[in-house]
Amino acid sequence: MTARNATVTTRNDRPPSPIARLHEVAIASAPACSRAAPGPAVDGCPRRSYLELDARASAAPQARHHVRRTLARWDLGQVADDAELVTCEMVGNAIAASAALPTPAGVGLVIAAWPDRLMVMVRDASADRPVPTPSPGLDDYAVAGRGLAIVAALSTKWGWTPEARGKVVWASIDLERP
């Protein structure tokens with residue numbers, strides 16, 4: 001697998017940063033992209049889109065809008081609500097992980113669609129593994145802590161892949177469900 005075969009669409013006005021270039025390589029060999037990982041490879045994927053985001057609160061709505069517009073263009077509106085929510089939770093977690101870093105770092109979003117599934121992949125520069133909060137101890141009035149449980153409920157499977165400079169968290173959404 002090589003990144004030169006990957007088509008990456010940058011949906012913002014600035015030139016791709018080193019994170020974007022690293023991500024081009026990462027999508028060819030990571031989240032669910034390596035043979036050992038449980039998800040699919042991105043090479044050969046008929047439809048994919050990339051968005052680089054700053055690690056700030058405004059990134060979540062930007063990511064949601066990007067996913068909704070891209071899925072509409074791909075004629076996949078039937079999974080837009082679930083994909084938006086999964087994306088929002090994963091980007092929110094990536095923003096929180098990036099905010100804890102001593103140096104500012106961006107967040108990368110890749111969405112890729114095959115005939116049977118949609119992959120949402122979010123890259124951040126934190127090496128910390130995503131940890132689902134156990135829901136039995138969660139207060140009914142808590143404002144946070146349900147993100148990965150929501151991702152797990154709306155996706156067929158999810159996981160994460162460590163990278164040299166951070167990680168990629170991914171979720172697969174079945175396109176053939178009713």
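Residues numbered from 1 in each chain as written. Predicted model: local features only at pLDDT ≥ 70, side-chain atom pairs only at ≥ 80, totals over all residues. Heavy atoms only, no water.

With that settled, consider helix 3 (residues 80–99). If you check helix 3, its first and last C-alpha atoms are 28 Å apart, about what 20 residues at 1.5 Å a residue would give, namely 28 Å. Tucked inside the fold, the buried residues of helix 3 contact strand 1 (47–53), helix 2 (59–73), strand 2 (107–113), strand 3 (117–124), helix 4 (147–154) and strand 5 (166–174). (Helix = DSSP H or I, 4+ residues; strand = E, 2+ residues; numbered from the N terminus. Expected span 1.5 Å × (residues − 1). Contact = heavy atoms within 4.5 Å.)

Moving on, we come to the pairing of strand 4 (residues 157–163). The side chains of a regular strand alternate, residue by residue, between the two faces of the sheet. Where strand 4 lies against strand 5, seven bridges are found, and the strand directions are antiparallel. When the sheet's bridge partners are listed, Trp160 is paired in strand 5 with Val169. Where strand 4 folds back on strand 5, the antiparallel hairpin that results is connected by two residues. (Pairing = 2+ DSSP bridges.)

When two helices pack together, their arrangement is given by the angle between the helix axes and the distance between those axes. At a minimum axis distance of 9 Å, the contact between helix 2 and helix 3 shows a crossing angle of 150°. Looking at the two axes, helix 2 sits roughly antiparallel to helix 3. Remark: the crossing between helix 2 and helix 3 carries right-handed chirality. Along its contact with helix 2, which presents Ala59, Ala60, Ala63, Arg64, Val67, Arg68 and Leu71, the element helix 3 presents Ala80, Asp81, Ala83, Glu84, Thr87, Cys88, Val91 and Ile95. Of the residues belonging to the contact of helix 2 with helix 3, the class tally is ten nonpolar, one polar and four charged. (Axes fitted to C-alpha atoms, helices over the stretch in contact; angles between N-to-C directions. Parallel < 35°, antiparallel > 145°, perpendicular 65-115°, else oblique. Left-handed = near helix turned anticlockwise from the far one by under 90°. Nonpolar A, V, L, I, M, F, W, Y, C, P; charged D, E, K, R; others polar.)

Another point: the sheet that holds strand 4. With antiparallel pairing, the five strands of this open sheet are ordered in space as 1-2-3-5-4. If you trace the sheet from one side to the other, it starts and ends with strand 1 and strand 4, each paired once. The average angle at which neighbouring strand axes cross in this sheet is 15°, direction not considered. Across the sheet, helix 2 is in contact with strand 1, strand 2 and strand 3; its angle to strand 1 comes to roughly 165°. Contacts between helix 3 and the sheet are confined to strand 1, strand 2, strand 3 and strand 5, with strand 3 contributing the most and set at about 15° to the helix.

Time to look at the confidence of the model for the chain. Confidence in the prediction for the chain averages 75 pLDDT; 66% of positions are at 70 or higher. Put simply, helix 1 (residues 18–29) is where the chain has its lowest mean pLDDT, 43, and helix 2 is where it has its highest, 94. Here residues 1–23 scores under 50 on pLDDT; set against residues more than four positions off or in separate chains, the count is 49 contacts. This model gives residues 25–40 a pLDDT under 50, and the stretch forms 39 contacts once residues within four places in sequence are excluded. (pLDDT = per-residue confidence, 0-100.)

Two side chains bearing opposite charge may form a pair once their charged atoms approach each other closely. With the rule as written, the count across this model stands at five salt bridges. Notably, a salt bridge pairs Arg117 with Asp116, separated by 2.9 Å at the nearest N-O pair. Here Arg123 and Glu163 are joined by a salt bridge, their closest N and O atoms 2.7 Å apart. With Arg123 in strand 3 and Glu163 in strand 4, this pair connects stretches of sequence that are 40 residues apart. Accessibility assignment for this pair places Arg123 and Glu163 in one class, buried. What emerges from the salt-bridge pattern is a single network uniting Arg68, Asp81 and Glu84. (Salt bridge = Lys/Arg side-chain N within 4 Å of Asp/Glu carboxyl O. Buried < 20%, exposed > 50% of the residue type's maximum accessible area, 1.4 Å probe, protein only.)

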